[in-house]
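# A look at the structure
Residue strings, one per chain:
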Amino acid sequence: MDPITLVMFGLIAVLIFFMFRNGKKRQAAMQELQNGLRPGAEVMLQSGIFGTIDSIDETDNRVTLQSGGTTLVVHRNAVSQIVTPSADPETDAAGGELAPDDDPAFGERVSGAGSEESGATAETASGEPADAADSGADGGAASEQPRTDGPEDPQAPKA
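Values in this document were obtained by computation on a predicted structure and should not be read as measured data. (Residues numbered from 1 in each chain as written. Predicted model: local features only at pLDDT ≥ 70, side-chain atom pairs only at ≥ 80, totals over all residues. Heavy atoms only, no water.)

If you tally the helices and strands in the protein chain, you get three helices and five strands. The secondary structure elements of the protein chain, listed N-terminal to C-terminal, are α-β-β-β-β-β-α-α. Sequence separation of 24 or more characterises 31% of the internal contacts of the protein chain that already satisfy a separation of 6 or more. For the protein chain, the exposed surface amounts to about 12400 Å²; the carbon and sulfur share of it is 56%. (Helix = DSSP H or I, 4+ residues; strand = E, 2+ residues; numbered from the N terminus. Contact = heavy atoms within 4.5 Å. Areas by Shrake-Rupley, 256 points an atom, 1.4 Å probe, with all protein chains shown as cover.)

Applying the stated criterion to the full structure yields one salt bridge. The partner of glutamate 58 in a salt bridge is arginine 76, and the shortest N-O contact between them spans 2.9 Å. Here glutamate 58, found in the loop between β2 (50-57) and β3 (62-67), pairs with arginine 76, found in the loop between β4 (70-75) and β5 (79-84); they are 18 residues apart in sequence, far enough to count as distant. Residue class for arginine 76 comes out buried when judged on its relative accessible area of 10%. (Salt bridge = Lys/Arg side-chain N within 4 Å of Asp/Glu carboxyl O. Buried < 20%, exposed > 50% of the residue type's maximum accessible area, 1.4 Å probe, protein only.)

Let us look at the side chain of arginine 76. Side chain to side chain, arginine 76 and glutamine 34 meet in a polar contact 2.6 Å long. Side chain to side chain, arginine 76 and glutamate 58 meet in a polar contact 2.9 Å long. Excluding residues that lie within four positions of it along the chain, arginine 76 makes contacts with Gln34, Leu37, Ile56, Glu58, Asn61, Arg62 and Val63. (Polar contact = N/O pair within 3.5 Å; in protein donor to acceptor, adjacent residues only side chain to side chain.)

Regions with low pLDDT carry predicted coordinates that are not meant to be interpreted in detail. On average, residues of the protein chain score 74 in pLDDT, and 62% of them are at 70 or above. Counted against residues more than four places away or in other chains, residues 89-96, with its pLDDT under 50, gives zero contacts. When the criterion is pLDDT under 50, residues 115-121 qualifies, and its contacts beyond four places in sequence or with other chains add up to eight contacts. (pLDDT = per-residue confidence, 0-100.)

Locating alanine 87 in the fold gives a position in the loop between β5 and α2 (89-95). Sequence separation of alanine 87 and arginine 38 is 49 residues, and the distance between their C-alpha atoms is 9.1 Å.

Moving on, we get to the nonpolar core. Formed by Leu37, Ala41, Val43, Leu45, Ile53, Val63, Leu65, Val74 and Val79, the largest nonpolar core amounts to nine residues. Residues in contact with leucine 65, not counting those within four places in the same chain, are Val43, Leu45, Gly51, Thr52, Ile53, Asp54, Thr70, Thr71, Leu72 and Val74. (Core = buried A, V, L, I, M, F, W, Y, C linked by side-chain atoms within 4.5 Å.)

Moving on: unusual backbone geometry. You will see that asparagine 61, though not glycine, has its phi angle at about 55°, which is positive. If you trace the backbone, asparagine 61 turns up in the loop between β2 and β3. Looking at asparagine 61, the relative accessible area reads 33%, which means it is partly exposed.

With that out of the way, let us pick up the pairing of β2. Note that strand β1 (residues 42-45) and β2 share three bridges and pair antiparallel. If you follow glutamate 42 over to β2, its bridge partner there is threonine 52. Connecting the antiparallel pair β1 and β2 is a turn made up of four residues, with glycine 48 showing a positive phi of about 95°. The pairing of β2 with β3 spans five bridges and is antiparallel. Each residue of the ladder has a partner; that of isoleucine 56, found in β3, is valine 63. (Pairing = 2+ DSSP bridges.)

Looking at where aspartate 60 falls in the secondary structure, it is placed in the loop between β2 and β3. Along the sequence, aspartate 60 and histidine 75 sit 15 residues apart, while their C-alpha atoms lie 8.3 Å from each other.

In sequence, β2 turns back onto β3 through a hairpin of four residues, with asparagine 61 there showing a positive phi of about 55°. The sheet contact formed by β3 and β4 spans six bridges and is antiparallel. Opposite valine 63, over in β4, you have valine 74 as the bridge partner. Taking the residues between adjacent antiparallel strands as the criterion, β3 and β4 are bridged by two residues, where glycine 68 takes a positive phi near 65°.

Have a look at this one:
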């Protein structure tokens, strides 16, 4: 066989491989969507109609939607995406275990983080005050030099 024929067969094999892979991804995404359908979830149908799921009939593959003042009964596969998932008791229980997001915002001063002589010092990325991070064995001589280890302030004047 000549090299051109081998290249053509190789390209066809790669094309077939990607077609099967893409089909499996679509099937997995559709299965995840179908598993996420729960009463109370806001969904969008393939026709673009938005509604809230009232009930799901597993045996007939029907979904009853409430859209405005109208009740619609559609096939389960007509749901194209979940806009707002329903309140799931499993996610509510898991949400209580997480710590609250109480990290300071970028540039926010943290009380007690600065040194005694200057109450308004910035913190480094590691959480140490800037004065403590810059002063090392050289007795703080590095504090006059510009810092290059963290994000620079875009509004600060260039030296």
